[in-house]
Amino acid sequence: MFQKILIANRGEIAVRVLRACRELGVRSVVVFSEADRKSLHARYADEAHCIGPAPARESYLDIDKVIEAARKSDAQAIHPGYGFLAENPRFAERCEKERIRLIGPSAHAMRTMGSKTLARQTVAAAGVPVVPGTLEPIATDAEVARFAREIGFPVMLKATAGGGGKGMRLVREESDLASFLRMAKSEAKSAFGDDSVYVEKYIENPRHIEIQILGDRFGNYVHLGERECSIQRRHQKVIEESPSVIVTPEVREAMGKVAIEAARAVKYEGAGTCEFLMDRNRNYYFLEMNTRLQVEHPVTEMVTGIDIVKEQIRVAAGEKLSFRQEDVKQAGHSIECRIYAEDPDRNFIPCPGVITSLRVPGGPGVRDDSGVYAGFEIPIHYDPIISKLITWGKDREEAIARMRRALSVYVVTGVKTTVPFHIRVMRNRHFIEGNFDTNFIDQVFFKEERQRPLEHQEMALITAAIQAYREERMRSMTRRAGDAEGPRSMWKYAGRPSGRKLG
Amino acid sequence: MFQKILIANRGEIAVRVLRACRELGVRSVVVFSEADRKSLHARYADEAHCIGPAPARESYLDIDKVIEAARKSDAQAIHPGYGFLAENPRFAERCEKERIRLIGPSAHAMRTMGSKTLARQTVAAAGVPVVPGTLEPIATDAEVARFAREIGFPVMLKATAGGGGKGMRLVREESDLASFLRMAKSEAKSAFGDDSVYVEKYIENPRHIEIQILGDRFGNYVHLGERECSIQRRHQKVIEESPSVIVTPEVREAMGKVAIEAARAVKYEGAGTCEFLMDRNRNYYFLEMNTRLQVEHPVTEMVTGIDIVKEQIRVAAGEKLSFRQEDVKQAGHSIECRIYAEDPDRNFIPCPGVITSLRVPGGPGVRDDSGVYAGFEIPIHYDPIISKLITWGKDREEAIARMRRALSVYVVTGVKTTVPFHIRVMRNRHFIEGNFDTNFIDQVFFKEERQRPLEHQEMALITAAIQAYREERMRSMTRRAGDAEGPRSMWKYAGRPSGRKLG
Amino acid sequence: MNYVATIGGRDVRITVEETGGSNYVVTIDREEHLVDAQQIASQLWSVLYWNAVYEVDVTRHPADEYEVLIRGDCHKFTLMNEQRRAMIRAGGKGAAGKAMVTSPMPGKVVRLLVVEGQEVQADQGVIVVEAMKMENELQSSVAGKVKEIFVREGEVVELGAKLLLVE
Amino acid sequence: MNYVATIGGRDVRITVEETGGSNYVVTIDREEHLVDAQQIASQLWSVLYWNAVYEVDVTRHPADEYEVLIRGDCHKFTLMNEQRRAMIRAGGKGAAGKAMVTSPMPGKVVRLLVVEGQEVQADQGVIVVEAMKMENELQSSVAGKVKEIFVREGEVVELGAKLLLVE
């Protein structure tokens, strides 16, 4: 095992990795930007190195500075978390060159999976289903028609040179094919000067299902079952769960196997995730592979009891996977809500600022993966994710009930968060029934929410009026007290908000 | 299921029961004393009723007031938690009379198990092993000697009329028996005016093992395995775990069976616990039965995945147990540390007061069962337990590693807590090896701790000096600022401790 | 103390009377409500209304705008005491047709989309403020001429900072 | 600023010099230590010593007694600045043989075990204070006569409250 690991990240994921290090008895080193001196990761590590100004490109994204901190601290390995340098093959190569172990796959695996077309070709060759279609442009109308019939309608016509939706046409029926193909070609011609198009199957109302895999350097692979991440806002995952309500044991086993084949195709080492789209008939199609730890890894940990981060570190240190496929059992159900510093009642605008008070829920089946604390000032420079709330229950109903009860007592003041948004999703009928796809939040949920009447308006007015009243009273009292006694120490007040109350 | 439940308790256990109610979709009512208006349980309930002044006998222990609150709020059931009215048969009878369901066993079961001798006789008749001995006084010296030989040395001589250690003698060898018996008799005579003594087997260096059981009104019983509670300070449990390192699967099954027999003997309904002493040879002896939810129930929940409080409520509502013995599986290992508002570095004196800051650990395998929050003033009137920290790991080593890492980042300022005490226990070699009995903390641990040199003394001096310096600076700055600008609103400071830092 | 709240276009008269301890009588449109309101933290309240328990999070934004969160629902309104309202009404006449664009969050000005003196439409984007890796285009609420710009590109601004004035 | 700490019977001279930001040079017995000390909450510090991270909880009790928690270990000492120490030394001579019994916690006086004028031994119990259902007997640290009792039975007392004076 490593003696010392450097964590090249910040926020909740840096704290998550720190926890794993401490449990393994490995010394931890973090890097922090000038904006992050008081961040939780810089408070919790064994060692901390400042690597530059607030902007990420001058600190967390600066490969030279990260490597320098690793050298200076004699770290033998680097955990990149997610984001920043986590899927950067140049960083992986640099680590290799410096003989520092990157806790993640090889630069080759990153590069292959980082390219959409290369990844698609590689996994297809390994027998993994991809969205059916022609990757090459098709010459004649007849060829397009034949292919579309072959894969079945609806199909999507896409300009080979395309992008930004130009030259794209959704064709639902064969009778529309000829005219839509003409339009697509002419649009492509005028937009890109090239009228070639290709055909892809259109997956309607897909669900996002992904498979967590782990591999070691001895060629052993296991999958830890699926996560469903269909609850997305503007293509960003916001709520994830495991297992998925639509995945049967047979489908799970089959998907697990193809995910392992995809990983094997690039000699994948460590923790990775194969993302799939799934249609109504439970057909699944490879989307991409994330060659890193994912934000939503906790739901898999909750149902399998396996600490993915510790396993990741162990296999990076050259150990064999400590368990086999048959040892992996999914028990119960787990849900994760991502808590962002965004205001769900003002179109999700980011809300950096000082967290003036914080009470995180606890009790049975509740896990808090946080990167913040009361008194912390959330910087304006980074991702708005501040923590994740995860619940476990013996079944989905209990997991949802626990999430609802946990959210109901989750208090963050000073900045707005997405906690109220999650409360609303957790009481939405479609969500509770498991009846959703990746368009649910944007197309169904928000529409329903706009029509829902708000409750407790009178209590809102009453409390606001009392707060306004108290503030005025306090101002006038402080003014008078000041006249009589002279200025008070802010110190005394900050320490004992209700200091006079004893007895 | 009930529509509404009243919780006749406060602190962490009231919050625990509130969580169960909310997950079940049952409306919750709490009672609170005048000292507890801002307690967490009064903030989290659906309804709250003030039932009198701070002293417990005028509020939480006042049966009439609790019943009145239940009537007023139309609660159909009362959950008593632990302590206060939880094992009071008069309260159970009163509930019955008022046709309010008490979530717990019958008054008869409480009364039987509440009497040491009656409990002993009842369970012995049901085939449960009790500490071997004579319950009746023994007439002649020869009889004592014969009996002692029969059960084996060492034995304890106890005055029948005794108490407080008077007339008690530990006899390790038969040769001492005659003279020690004379001494015991004469001591008993002078202390109680009655020289009759009885003999009991002396369990040396016992471990405290207990079995959690659940029963419904249809006569179905399950046990949820054991908890070990040998880590005690002055006979008070402070750390508990499940499973126990010394309990084998065979012993577990046997103990589970006898615990169920004990419960069946009193037609026990709901959640209860049979406590046993276990000697080095894994012989176990019934100690007593707790006819209520116990402080340490979470460790069982963590390894079985069963929510004991919700099951308790379900069976009280007349439902059948939702699972059978064969469905109960222990997975992994769990440890609980009780967090008391006591100063472990000043002989555990109680430390009520205001919690000025609080950061509770999170992450994988960590559960926080708390009754307090930052800004809360812990009242002087009640038990010093403020929360419980529970960890789970795939084995004992991981559970300990997680507890150590969780404690290392647990921050409570304003009041002293037992967190540092637990940190020290978690790094004690004997504890880690599972090598302890009920005398461990008082006789071994404290002795070793006194000899352990403290670390980081220089850093302690440095930081204290800096704090002293900053306080002086702040005082003089506030004084100057006051002269120039007039008094400041405490309001502004309280809200934005580092308000100027942006950018 | 007398207050006026404006919610959903409607004015609501509210009076607050302290009756000892943490008890208040709050009158809304002549209906009296007895509540026990305990302040838990700077903007967090535990309110007992008869015996019902509410946890209420009250955010006051500049210009007496309130956002109140109760059980996942967010109520928005303005609320101010009567004197202040009278003062603003009296002084506010001259400000008709003017509109100050302020920053809805702390962040950094990445782009000015207009120059001083430029004519803008209502809802036209005038400035882009970045926070947490997201660019947020802010609009002018009125049509008019950009009277004054208070910030430069690259400048870090606080929540509520004045960015530019359109009139 | 110059300080003197007394720890384990030994006096230690400490100077603190602020060098900008949250950086300090702290000299202990002539050895210089460069630290970056950030205050996280009123008595909680995050200290960087070179690159090593410490989380330090500093409690100051009355009479300049400190309890400092680092990684589960509790360090106890007194610490005060030089002027204050000099003042106390100068004024403190007359107080020899006197001992104030103070309450080590907030609580309630349940029993007075002595009356004014009574002779007591060192370590004799003089008063019982209850908190959290536990009775705590407090002792006089010196032998002498109970000069004055400041509290009555049943009275609620704060942490550090003067209970009685023995001289």
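Residues numbered from 1 in each chain as written. Chains lettered and ligands numbered in written order. Predicted model: local features only at pLDDT ≥ 70, side-chain atom pairs only at ≥ 80, totals over all residues. Heavy atoms only, no water.

Moving on, we come to the overall build of chain A. Helix and strand counts for chain A come out as 17 helices and 22 strands. Since a compact globule built from 503 residues should have a radius of gyration of about 23 Å, the 26 Å found for chain A is in line with a globular shape. Overall size of chain A, expressed as C-alpha extent along the three principal axes, is 95 × 60 × 50 Å. Residue burial in chain A is summarised as follows: out of 503 residues, 62% are buried. (Helix = DSSP H or I, 4+ residues; strand = E, 2+ residues; numbered from the N terminus. Rg over C-alpha atoms; globule rule 2.2 N^0.38 Å. Buried < 20%, exposed > 50% of the residue type's maximum accessible area, 1.4 Å probe, protein only.)

Contacts between the two partners involve 17 residues from chain A, matched on the other side by 17 residues from chain D. Overall, the association of chain A and chain D removes approximately 1400 Å² of surface from exposure, summing both partners, and the carbon and sulfur fraction of that is 52%. Counting the contacts that link chain A with chain D gives two salt bridges. Taken together, the links from chain A to chain D amount to seven residue pairs in polar contact (both at pLDDT 80 or more). Contributions of two or more residues to the side of chain A that touches chain D are made by α2 (40-44) and β3 (47-50) of chain A. In terms of residue count, β3 of chain A provides more of the side of chain A that touches chain D than any other element does, three residues in total. Across the side of chain A that touches chain D, the residue classes tally to seven nonpolar, three polar and seven charged. (Contact = heavy atoms within 4.5 Å. Buried area = accessible area lost by both parts, 1.4 Å probe. Salt bridge = Lys/Arg side-chain N within 4 Å of Asp/Glu carboxyl O. Polar contact = N/O pair within 3.5 Å; in protein donor to acceptor, adjacent residues only side chain to side chain. Nonpolar A, V, L, I, M, F, W, Y, C, P; charged D, E, K, R; others polar.)

This part takes up the pattern of salt bridges. Scanning all chains against the criterion turns up 126 salt bridges over all chains. We note a salt bridge from Arg264 of chain B to Glu261 of chain B, for which the minimum N-O separation is 3.6 Å. Residue Arg264 of chain B and its partner Glu261 of chain B are located together in helix α9 (residues 249-265), separated by three residues, close to a single helical turn. Its relative accessible area of 41% is what places Arg264 of chain B among the partly exposed residues. Here the salt bridges share partners, and the residues they tie into one network are Arg16, Glu23, Glu301, Asp307, Lys310, Arg367 and Asp369 of chain A together with Lys394, Glu398, Arg402 and Arg405 of chain B.

Moving on: the environment of Gln312 of chain B. All names here are of chain B. Structurally, Gln312 can be placed in helix α11 (residues 308-316). Expressed as a C-alpha distance, the spacing of Gln312 and Ala265, which sit 47 residues apart in the sequence, is 19 Å. Contacts of Gln312, omitting those with residues within four sequence positions, involve His79, Ile103, Ala271 and Leu293. In terms of polar contacts, Gln312 uses its side chain to reach the side chain of His79, at 2.8 Å.

Interface size is commonly expressed as the accessible surface area that is lost when the partners come together. Domain boundaries assigned for chain A yield domain 1 (4-103), domain 2 (132-201), domain 3 (204-331), domain 4 (335-452) and domain 5 (457-494). Using only C-alpha atoms to locate each centre, domain 1 of chain A and domain 2 of chain A end up separated by 46 Å. (Domains from an automatic or database assignment.)

The next subject is helix α11 (residues 308-316) of chain A. Residues and elements named next belong to chain A. α11 sits mainly inside the fold: nine of its nine residues count as buried. Among the residues of α11, those classed as buried are Ile308, Val309, Lys310, Glu311, Gln312, Ile313, Arg314, Val315 and Ala316. The backbone nitrogen of Val309 has a side-chain oxygen 3.2 Å away, supplied by the residue at the start of α11, namely Asp307. Phi for Gly318, located one or two positions after α11, is positive at around 95°.

Take the interface of chain C and chain A next. In this assembly, 54 residues from chain C lie in contact with 50 residues from chain A. Both sides together, the interface formed by chain C and chain A hides about 4500 Å², and carbon and sulfur atoms give 65% of it. The largest share of the area that chain C buries against chain A comes from Asp73, His75 and Met132 of chain C, three residues that together contribute 15% of it. Counting the contacts that link chain C with chain A gives eight salt bridges. Among the salt bridges present, the one from Arg346 of chain A reaches Glu67 of chain C, with a minimum N-O distance of 3.8 Å. In terms of residues, the side of chain C that touches chain A owes the most to one element, strand β6 (residues 52-61) of chain C, which gives eight residues.

Moving on: the environment of Asp343 of chain B. Residues and elements named next belong to chain B. As for its position among the elements, Asp343 is in strand β15 (residues 342-343). Residue classification places Asp343 among the buried residues on the basis of a relative accessible area of 2%. Expressed as a C-alpha distance, the spacing of Asp343 and Val303, which sit 40 residues apart in the sequence, is 31 Å. Within the local environment of Asp343, its side chain forms a polar contact with the backbone nitrogen of Asp345, the two atoms lying 2.8 Å apart.

Now for the packing of helix α7 (residues 141-151) of chain A against helix α8 (residues 177-192) of chain A. To characterise two packed helices, one gives the angle between the axes of the helices and the distance between these axes. Residue and element names in this part refer to chain A. The interhelical angle for the contact between α7 and α8, taken along N-to-C directions, is 120°, at an axis separation of 11 Å. Relative to α8, the element α7 is oriented oblique. As for how α7 packs across α8, the hand of that crossing is right-handed. For the pair formed by α7 and α8, the contact residues are Asp141, Val144, Ala145 and Ala148 on the first element and Leu177, Leu181 and Lys185 on the second. Looking at the contact of α7 with α8 residue by residue, the class counts come to five nonpolar, no polar and two charged. (Axes fitted to C-alpha atoms, helices over the stretch in contact; angles between N-to-C directions. Parallel < 35°, antiparallel > 145°, perpendicular 65-115°, else oblique. Left-handed = near helix turned anticlockwise from the far one by under 90°.)

A separate point is the domain arrangement of chain C. The domain architecture assigned to chain C consists of domain 1 (2-81) and domain 2 (94-166). Computed from C-alpha coordinates alone, the two centres of domain 1 of chain C and domain 2 of chain C are separated by 32 Å.

Remark on secondary structure: sheet strands pair via backbone hydrogen bonds, oriented parallel or antiparallel. Residue and element names in this part refer to chain C. The four strands are arranged β9-β16-β14-β11 in an open sheet whose pairing can be described as antiparallel. Whereas interior strands pair on both sides, the edge strands pair on one side only; in this sheet they are β9 (99-102) and β11 (119-120). Two elements, strand β14 (residues 144-149) and strand β16 (residues 162-166), share three bridges in a ladder whose sense is antiparallel. Across the sheet, the residue bridging to Val146 is Val166, located in β16. (Pairing = 2+ DSSP bridges.)

Let us look at the sheet that holds strand β14 (residues 333-340) of chain A. Residues and elements named next belong to chain A. Spatially, eight strands are ordered β13-β12-β9-β10-β11-β14-β21-β19 in an open sheet, and the strand pairing comes out antiparallel. Two strands bound the open sheet, and with one partner strand each, they are β13 (284-290) and β19 (366-370). Adjacent strand axes in the sheet meet at a mean angle of 25° when their direction is disregarded. Pairing geometry for strand β12 (residues 270-278) and β13, over six bridges, is antiparallel. Across the sheet, the residue bridging to Thr273 is Asn290, located in β13.

With that settled, consider the packing of helix α3 (residues 63-73) of chain B against helix α4 (residues 89-97) of chain B. All names here are of chain B. At a minimum axis distance of 11 Å, the contact between α3 and α4 shows a crossing angle of 30°. Relative to α4, the element α3 is oriented roughly parallel. For the element pair α3 and α4, the recorded crossing hand is right-handed. For the pair formed by α3 and α4, the contact residues are Ile63, Asp64, Val66 and Ile67 on the first element and Arg90, Phe91, Arg94 and Cys95 on the second.

Residues and elements named next belong to chain D. In terms of residue burial, strand β7 (residues 65-70) counts as a mostly covered element, since five of its six residues are buried. Note: strand β6 (residues 52-61) against β7, six bridges, orientation antiparallel. Bridged to Val56 within β7 is Ile70. Taking the residues that link successive antiparallel strands as the turn, the β6-β7 hairpin has three residues, and the phi of Ala63 there is positive, at about 65°. Hairpin connection of β7 to strand β8 (residues 73-81): two residues between the antiparallel strands, including Arg71 at a positive phi of 45°.

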